[in-house]
Amino acid sequence: MTAASDAIIEVRNLRAGYGETVILQGISFSVNRGEIFAILGGSGSGKSTLLKHIIGLYPPRAGEVRIEGKNLVALEGEERTELLLRFGVMYQNGALFGSMTVRENVRVPLDVFTDLPLAVRNAVAEAKLAQVGLSNAMEKMPSELSGGMRKRAAIARAMALDPVIVFLDEPSAGLDPVSSADLDNLIKRLAKDFSITFVMVTHELASIFGIADRVILLDGRSKSIIAEGDPRALRDTSTIPLVQRFFRREGESPEGAATP
Ligand SMILES: Nc1ncnc2c1ncn2[C@@H]1O[C@H](COP(=O)(O)OP(=O)(O)OP(=O)(O)O)[C@@H](O)[C@H]1O
Ligand SMILES: [Mg+2]
């Protein structure tokens, strides 16, 4: 058991869905401060839905989500903004703005949320880009970047306001194995150097075993968590067939628990 004081995110008995449709139910777990936490599951199992409910884009049907002890959907005004500023998000398919340079993209959160002078906003954006190894690409347009560079720029943008938590929805989707490994190393380094808690959705076994401290595995059929813990321990010791199939697939996509 984790002491409550270690938990930076607490999800308690969450029920989530759209319209009449329930996608997730009875979801409870905590994310500890400073860890790299991965949300796993097959396509359509509700990973992005869970992420969107954690960050308050949608209110829970039941249960609650607490970030640093605070219930985002119950907050208003300045209190809400303050909590929103504690985390950065990179959405699935979350693109950079194509008509802006890389530096302007990273500056957007600063433009929107701060009154800092332009020179300072630019300097902060440049510092964030340096942290992800993109100092040479600041003046480029997104279309001039490789897929891996775009992901790194998006992470720099998610970090623009010095968040304590960064949410990443499938950061390595569409990347080749080498770029994907580079991105994993970057995430690991940022977590360590800046004490950032990362919550990421991923399918990549290499990422899961390479950088995730703990994971939950969602199952679309039961709409719930079917495994939680250290991914290697789950791979090696779980006796649940769906869990075994997810962790022991080899470049394959077993039905039920993995993606096409
Ligand atoms: N805005 C929405 N309105 C209605 N239904 C939605 C909405 N977003 C997602 N869904 C449905 O919720 C279910 C879970 O979708 P979700 O995007 O959370 O899955 P996922 O695990 O992230 O899948 P993937 O691995 O393909 O990204 C799906 O059946 C999807 O059709
Ligand atoms: Mg998704």
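How each quantity is defined
- Residues numbered from 1 in each chain as written.
- Chains lettered and ligands numbered in written order.
- Predicted model: local features only at pLDDT ≥ 70, side-chain atom pairs only at ≥ 80, totals over all residues.
- Heavy atoms only, no water.
- Donors = N, O, S within 2.8 Å, 3.2 Å for Na, K, Ca; no water.
- Helix = DSSP H or I, 4+ residues; strand = E, 2+ residues; numbered from the N terminus.
- Buried < 20%, exposed > 50% of the residue type's maximum accessible area, 1.4 Å probe, protein only.
- Polar contact = N/O pair within 3.5 Å; in protein donor to acceptor, adjacent residues only side chain to side chain.
- Contact = heavy atoms within 4.5 Å.
- Salt bridge = Lys/Arg side-chain N within 4 Å of Asp/Glu carboxyl O.

1. A closer look at the coordination of the magnesium ion (ligand 2)
For the magnesium ion (ligand 2), the full set of protein donor atoms is Ser-48 (OG) and Gln-92 (OE1), at a range of 2.0 to 2.2 Å. Here the residue Ser-48 occupies a position in helix H1 (residues 47-54), and Gln-92 occupies one in the loop between strand E5 (87-90) and helix H3 (102-113), the gap between them amounting to 44 residues. The buried category is assigned to Ser-48, whose relative accessible area is 17%.

2. Digging into the side chain of Thr-197
Following the sequence through the fold, Thr-197 ends up in strand E7 (residues 197-201). Exposure remark for Thr-197: the relative accessible area of 0% places this residue in the buried category. There is a polar contact of 2.8 Å between the side chain of Thr-197 and the backbone nitrogen of Gly-34. Filtering out sequence-adjacent residues up to four positions away, Thr-197 remains in contact with Ile-8, Val-31, Asn-32, Arg-33, Gly-34, Glu-35, Val-164, Ile-165 and Val-166.

3. Brief notes about the pattern of salt bridges
If you walk through the whole model with that rule in mind, you get 13 salt bridges. Two residues, Arg-107 and Asp-111, come together in a salt bridge whose shortest N-O distance is 3.2 Å. Here Arg-107 and its partner Asp-111 are both found in helix H3, four residues apart, which amounts to about one turn of the helix. Given a relative accessible area of 15%, Arg-107 falls into the buried group. Ionic pairing is found between Arg-235 and Asp-236, a salt bridge with its closest N-O pair at 3.0 Å. Residue Arg-235 is classed as partly exposed on the basis of its relative accessible area, which comes to 24%.

Fair warning: the whole summary comes from geometry, so function is off the table for now.
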